[in-house]
Structure formats: C-alpha cells, structure tokens
Amino acid sequence: MRRSLVLIYSLLSRRRLSESRRSLFFFPTSLALVTSLAIIFYISSTSNLFTNQHPPLLLKHTISSSLNFPPTNSLLTAPLTNISSDAVNLQESPHLFTTQLNFDSTGNNVHNEVFHDRDIFMENYKEMNRSFKIYIYPHSQDDPFANVLLPVDFEPRGNYASESYFKKVLVKSHFITEDPLKADLFFLPFSIARLRHDPRVGINGIQDFIRDYIFNISHSYPFWNRTGGADHFYVACHSIGRSAMDKADEVKLNSIQVVCSSSYFLSAYFAHKDVSVPQIWPRQGEPPRIAPTKRKRLVFFAGSINSPVREKLVEVWGNDSEISVHSGHLKTPYAEELLRNKFCLHVKGFEVNTARVGDALYYGCVPVIIANHYDLPFADILNWKSFSVIIATLDIPLLKQVLKGITFNEYLRLHSNVLKVRKHFQWHTSSVTFDAFDMVMYDLWLRRSSVRVQLAV
C-alpha cells in the first residue's frame, strides 16, 4: 500500500513539474511573439518599408567583374544611414541618382562621374593634407648606398620613373615629419630599380639587401617592431620588386607595397593592403588635345609579343584592317598613332602593368584594357568604367564587336572623361594638386594603420 502511494505521488509530482516547465517555456515565447507583432505593426504604420512607392536606391557603384576588381573601400561608399527613404523623391530630385540610371549599348550600368564619390573624396583629401604625416628613415650623402636610398638629383625618366618621382616629391612635401612619434606611416626609401643596376647588388642580390635593411632598422629603431612593419611602406615600379621581398616575409605580408606590378593573381600582392601605382613614361609639356572627330582609326596596339595574351591578339586580329596590331618598330611615330585612334590597347605582357595606360590617357586615347587580375591604379577612387573599356582575355575574339557596339555618344563620354582623369596620371618634380603623387598619397592615407602602441620616451 505504501509503495502504491509513493508511486502515485511520484507520477503526480512529475506531471506537475512537466506542466510547470511547459508554462515556463510558453510564457516568454508568447511574450516575444506579441512584442514582434507590435514592432512590425508600428513600422508598417510609420514608414514606407513595406510599400513600393520608390524603386530601391542603389548607393554602391558597381565595378566591372570581368577584371575582378577588389571591393571599393568603405570610405568611398555612400553610407546608407545618411539617406532617408522618406526624404528622397526621384521625381523631385532626379539629379541625385542620374549616375545610377545610365546604361551603355550593352545594357551595363555606367555613370559619368569619374570618381566613385567626389564629395567623400574631396572631404578626405582635405583631411589628408591637414593631418597625414610620414617619417623617412634618415640616410646621409656619405652612406655607401646613398644612390639607392636618397632621391635622384636629376629628372626621372624611362619606363620605371614612377618610383623615382614619388621619392623625389615626397622628401620636399609637407607630409614629412622629423618626429617619428607623430608619423602615421614610415617610408622604406630603398629603390628597387637602382638596386637592380648597382653592380654591388644586382638582380641576384636584391633579396639579401632588403633582408639586411629590415634587420638594421628593426634593431636601430623601435618603430618596426611595435607593428611588425604594418605601418611601413616602400615603392617599386619594376616587376622584379614583387620577388624582392622573398627573404623579408614581414614586408610582403605586413607592410604596404606600393607597386606597379599590382596583380592580385600573385600571392605576394594584397589589394586591400597594397597600393597600385601607375607606370608612366614621363613626357614634357601639356598633353595634346585632338578633337574626337579627327580620330579616324578604331584601335591601336604596338609592343613585343611576349605573352600568351598578346599572341592571341595577333592570332585573331593581326591582319585586320580596323584593328592595328604592331610588333617591333613602327613605320610611323608612336605618338601619331595614339592621336589618330579612338581606342588604344593595353595588353598584358610579362606583367599586367605597362606604360600604355598612361600613354593612352596622355594622348587622349580611350584605353582598352585586356589584362585579367590587374588591380588598376586608384581603382578605389576612380570609376574606370567611365573612361576606359575593360575586356577579359577570353573575349579577345569579340574585341571588334565590343568596340563597334559603342555608340558615338558613348565614345564622346569616354573621351571626355579621359581628358578629366589624365591629370591624375602625370608626375611633376613638385607636386601639383590631384596629380599622380597626390593620388598615391591618398591611397596610402586610406590604408594608414589606426593601431598604435605607446612607446616609452
């Protein structure tokens, strides 16, 4: 009898416990459901979230996927929180989104503005000029490698002049600070191009030189070690620069690499960290202005056939009457061909970079870029689709179809924007506002580190 009573009590207790547990679970669930319904009712009654009065607002510019551009820096994208859907009426203010509503003949979205966001660029540019500071590791004229570490004392020239121009302008600029504690970034002033031609170093000794240089500054100064080199940068335009860091992994993985050979197909280049600098052959004087109607030829290329991409170009279009493809010496001056053609080809050779983009822009010829995995210079600042044509290497057989499909009005827009952006692809011995030096500095400013370790003084 006692066992039966105990058993019945136990069953009743478990049942009460189970009902208690169910009630404990049911109450908060019900409360959450009621709260959610109340929130939804409030939102639906006070906003346009669930109505279709306006089309969706596209606030981020789309960049061509044929070249796999890296994502635009968040600083250059209009913040969603700054625009209220209630405050925008496309009928009353159509100019606000005209850049989102233009389409070319192929149906691709384009916009006439050469910047991704001019207002944000200008605001950041002012702040950069006001506050950005760089420290250069000091070296004297008596240094055995002064020819490698100090700026050149002549006007830079040749295919890799960008490297020398940058250092020559930087040392005279207002960005330099002699107090390393105030520096945002630290410049490693060695020149890859000059190391390459120094008989004491040469091509085979560059890696050892860089390794020893990093060892010396990391033991002579405390700044490298506090960030592992993350707030340091160097500049190199020769393609050998991408292998120069093979014995200095900290530079390759941590430091900002400002390089012309900016291919994110390569494991040594990181588009979010590193900077693409344009390879520019210096030319004297003001760029020429030739009316678009005077450009009677369709497209032009001249260069060594030193890559599978260029071989394919010659194979498909080498004998075409409208696509001028030349190897070796031209019968006519190079500049004359750039002036008589509507489009000028930039085709990958040994590297993705050549001076042909700078050449085309200088002579007012719309660049046609055929070089996969090329992180184009200033791609997080400039909208390349507004002043160039980008074609994947696999689409070389479609080259004429693509260019012929561009209407005359579309070509006029491209040509007009070429004239707007070419000032950003010019070097000067003393910086000129918005020239190539300013643009590289802006890219560096975007990538400056915000992490600092306080040093004991």
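Notes on the structure follow. (Residues numbered from 1 in each chain as written. Predicted model: local features only at pLDDT ≥ 70, side-chain atom pairs only at ≥ 80, totals over all residues. Heavy atoms only, no water.)

1. Describing the pattern of salt bridges
Step number 1: One pass over the structure, following the stated rule, counts 19 salt bridges.
Step number 2: Across the pair arginine 340 and glutamate 337 runs a salt bridge, and its minimum N-O distance is 3.8 Å. Here glutamate 337 and arginine 340 lie together in helix α10 (residues 334–340), a separation of three residues that amounts to about one turn.
Step number 3: Aspartate 380 serves as the salt-bridge partner of arginine 447, at 3.1 Å between the closest nitrogen and oxygen. One end of the pair, arginine 447, is in the segment after α14 (436–446); the other, aspartate 380, is in the loop between β11 (366–370) and β12 (389–390), with 67 residues separating them in the sequence.
Step number 4: Exposure remark for aspartate 380: the relative accessible area of 9% places this residue in the buried category. (Salt bridge = Lys/Arg side-chain N within 4 Å of Asp/Glu carboxyl O. Helix = DSSP H or I, 4+ residues; strand = E, 2+ residues; numbered from the N terminus. Buried < 20%, exposed > 50% of the residue type's maximum accessible area, 1.4 Å probe, protein only.)

2. Let's talk about α14
Step number 1: Taken across its eleven residues, α14 has eleven buried, putting it largely inside the fold.
Step number 2: Of the positions making up α14, those classed as buried are Ala436, Phe437, Asp438, Met439, Val440, Met441, Tyr442, Asp443, Leu444, Trp445 and Leu446.

3. With respect to the state of the cysteines
Step number 1: Scanning all chains against the criterion turns up two disulfides.
Step number 2: Regarding the disulfides, the protein carries the connectivity 1-2, 3-4 under sequence-order numbering of its bonded cysteines. (Disulfide = S-S within 2.5 Å.)

4. Regarding the packing of aromatic side chains
Step number 1: Throughout the structure, instances matching the rule amount to 31 aromatic pairs.
Step number 2: Here the aromatic rings of phenylalanine 145 and phenylalanine 209 are separated by 5.0 Å at their centres, their planes lie at 70°, and the arrangement is edge-to-face. Taken as a pair, phenylalanine 145 in the loop between β3 (134–136) and α3 (146–149) and phenylalanine 209 in helix α6 (residues 202–220) lie far apart in primary sequence, 64 residues in all.
Step number 3: Classification of phenylalanine 209 as buried rests on a relative accessible area of 13%.
Step number 4: Among the aromatic residues, those joined into a ring-pair cluster are Phe115, Phe121, Tyr125, Phe434, Tyr442 and Trp445.
Step number 5: For the cation-ring pair, arginine 200 lies above phenylalanine 145, with the distance from its terminal atom to the ring centre recorded as 4.0 Å.
Step number 6: One Lys or Arg, arginine 448, reaches over the ring of tryptophan 445 and ends 3.9 Å from the middle of that ring. (Phe/Tyr/Trp six-rings, centres within 6.5 Å; stacked < 30°, edge-to-face > 60°. Lys NZ or Arg CZ within 6 Å of the ring centre and 35° of its normal.)

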